[in-house]
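Summary of the model geometry
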Amino acid sequence: ISQLPGWSTRPDGSIVIAMGNDDALGVYTCTPYNSYGTAGESRPTRVLLKDPPAFTVRPKEEYFQEVGRELVIPCAAHGDPPPTVTWLKVGSMGKSGAQVDGNSSLIFHPLVKEQHGVWECTATNLVASVSTTTSVHVLGTSPHAVTNVSVLPLLLAANISWEPGFDGGYFQRFSVWYTPLVKHPPRAHHDWVSLSVPVGAQHLLVENLQPDLSYQFSVLAQNKLGSGPFSQIVTSVPRGFPVTTVPPEPPAMTMRVFLSPPQALTANETLRGVLLQWEPPAQFSVALSGYALELRQGKGGWEVLDRSIPSTKTQVLVPGLIKDAFYEFRLVAFAGSYISDPSNTVNVSTAGMEVYPSRTQLPELLPQPVLAGVVGGICFLSVAIIFSTMAACIMNRRRAARIQKRRQGRSLLP
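Before going into details, it helps to say that this report is about the structure given with it. Keep in mind that what you see is a predicted model, and the values were worked out from it rather than measured.

With that settled, the discussion passes to the pattern of salt bridges. Where charged atoms from two side chains of opposite charge approach closely, those side chains can pair. Summed over all chains, the structure comprises three salt bridges. Two residues, lysine 50 and aspartate 80, come together in a salt bridge whose shortest N-O distance is 3.8 Å. Of this pair, lysine 50 sits in the loop between strand E4 (45–47) and strand E5 (51–57) while aspartate 80 sits in strand E8 (residues 76–80), and the two are 30 residues apart along the sequence. Here arginine 296 makes a salt bridge to glutamate 328, at a shortest N to O gap of 3.0 Å. With arginine 296 in strand E24 (residues 290–297) and glutamate 328 in strand E27 (residues 326–335), this pair connects stretches of sequence that are 32 residues apart.

Another point: the side chain of glutamine 115. Note that glutamine 115 resides in the loop between strand E11 (106–108) and strand E12 (117–124). Its relative accessible area of 3% is what places glutamine 115 among the buried residues. Of the polar contacts made by the side chain of glutamine 115, one reaches the backbone nitrogen of valine 112; its length is 3.0 Å. Excluding residues within four positions of it along the chain, glutamine 115 makes contact with Lys89, Ser96, Gly97, Ala98, Phe108, Pro110, Val136 and Val138.

Turning our attention to the state of the cysteines. With the rule as written, the count across this model stands at one disulfide. There is a disulfide in this structure between cysteine 75 and cysteine 121, and the S-S distance comes to 2.0 Å. Looking along the S-S bond of the cysteine 75-cysteine 121 disulfide, the torsion reads about -90°, which is the left-handed sense. In this pair, cysteine 75 sits in the loop between strand E7 (71–73) and E8 while cysteine 121 sits in strand E12, placing the two residues 46 residues apart along the sequence. Look at cysteine 75 and you get buried, because its relative accessible area is 1%. Take cysteine 121: its relative accessible area is 0%, and that puts it in the buried class.

What follows concerns a nonpolar patch on the surface. Judged by side-chain polarity, Val383, Ile386, Phe387 and Met390 come together as a nonpolar surface patch covering roughly 410 Å² of accessible area. Inspection of the secondary structure assignment puts phenylalanine 387 in helix H1 (residues 368–412). With relative accessibility at 55%, the residue phenylalanine 387 sits in the exposed group.

The next subject is the sheet that holds strand E9 (residues 84–89). Taken in spatial order, the four strands line up as E6-E13-E12-E9 in an open sheet, and their pairing is mixed. Both edges of this open sheet fall to strand E6 (62–66) and E9, since each of them pairs with a single strand only. Here the strands of the sheet are splayed against their neighbours by 25° on average, with no regard to which way each runs. Alignment of E9 against E12, held across six bridges, turns out to be antiparallel. In the strand pairing of E12, tryptophan 87 is matched with cysteine 121.

Calculation rules
- Residues numbered from 1 in each chain as written.
- Predicted model: local features only at pLDDT ≥ 70, side-chain atom pairs only at ≥ 80, totals over all residues.
- Heavy atoms only, no water.
- Salt bridge = Lys/Arg side-chain N within 4 Å of Asp/Glu carboxyl O.
- Helix = DSSP H or I, 4+ residues; strand = E, 2+ residues; numbered from the N terminus.
- Buried < 20%, exposed > 50% of the residue type's maximum accessible area, 1.4 Å probe, protein only.
- Polar contact = N/O pair within 3.5 Å; in protein donor to acceptor, adjacent residues only side chain to side chain.
- Contact = heavy atoms within 4.5 Å.
- Disulfide = S-S within 2.5 Å.
- Patch = residues over 30% accessible without salt bridge, like charges linked within 9 Å, V, L, I, M, F, W, Y side chains within 5 Å.
- Areas by Shrake-Rupley, 256 points an atom, 1.4 Å probe, with all protein chains shown as cover.
- Pairing = 2+ DSSP bridges.
- Axes fitted to C-alpha atoms, helices over the stretch in contact; angles between N-to-C directions.

That's the geometry; what it means functionally is another story.
Okay, here's the thing in structure tokens:
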């Protein structure tokens, strides 16, 4: 055994094989002995080599599909012995109504809102178990519930923040709902008060609350298809003024510049492209200079598509998007040297559309070196034409002068 690389024996007589290969295949027996001899060898045991599962087909990282349609997600693996492939929705029990075909592909028919989320494909055999995940985005639904709702108690107020859920493929708005917890309410059911959240914000300050009284808070998301479910309810108690101290004096007023983001950005499909419309910022203390449109495709980074949109415009047409792609758009506002936060994001899917060419034709995406070459060529041709015209005029004048001198010379001859 000591002559085989990576093989060794332990004090209890076990064999350790550091790397399993064909040298380890075979039948083994063990013979114990001492100073009195041995009672014989053990029963033979056979060593076999098996392969752990390995994926031959992996699902993509993300899938986007309209609700009610069919979606097929492939997943396949091999190993020795052949592995069993199973699907599971992360954070949920079972397959949530999905089916698995003979090729281990996950089938949604039809796709429903509850199937939105992260799905895990697992391949298992006697040797090991491996898994991979993919995200399913169900478009054309009401919003999903917000998550991670937190409440920060303040002086006679509370600051509520959250993380938005998936918007269902449409622009979504939020509202904060709250109610006091009274031991003996005047009515059998206490009422909830709702406050609208500014567009693009993920937090809201709720003021004028009663000190040392418990309040319940919840957040609701809505889009054009309806309301999503309420978030989990969070209970908090606003702080009151200390009994032995006087409320602090308000700080001196300082000059601040207010520039809120553009509002209510929406996207509509037209025969010439995608029409983006918005409303100006709700608050700005200096005159607006203009807007900049940003674009992101898939998981890529944000890119500036048009940085010179006049401040008087509230819509812009985006032609030439790539077919069968997923885009996100947002706006920022300029006021002098100040830039606002981004507006809300709108999603545009060109899946199945016939109005978009296969290649982008956006003039703003023309590479800068090519644009500089075109402008330089036009300028060079313009200068050449001007010089040619001037040279022709000078030659014509000289020729006319020579002819005039010849005529004068002939008239002086006797």
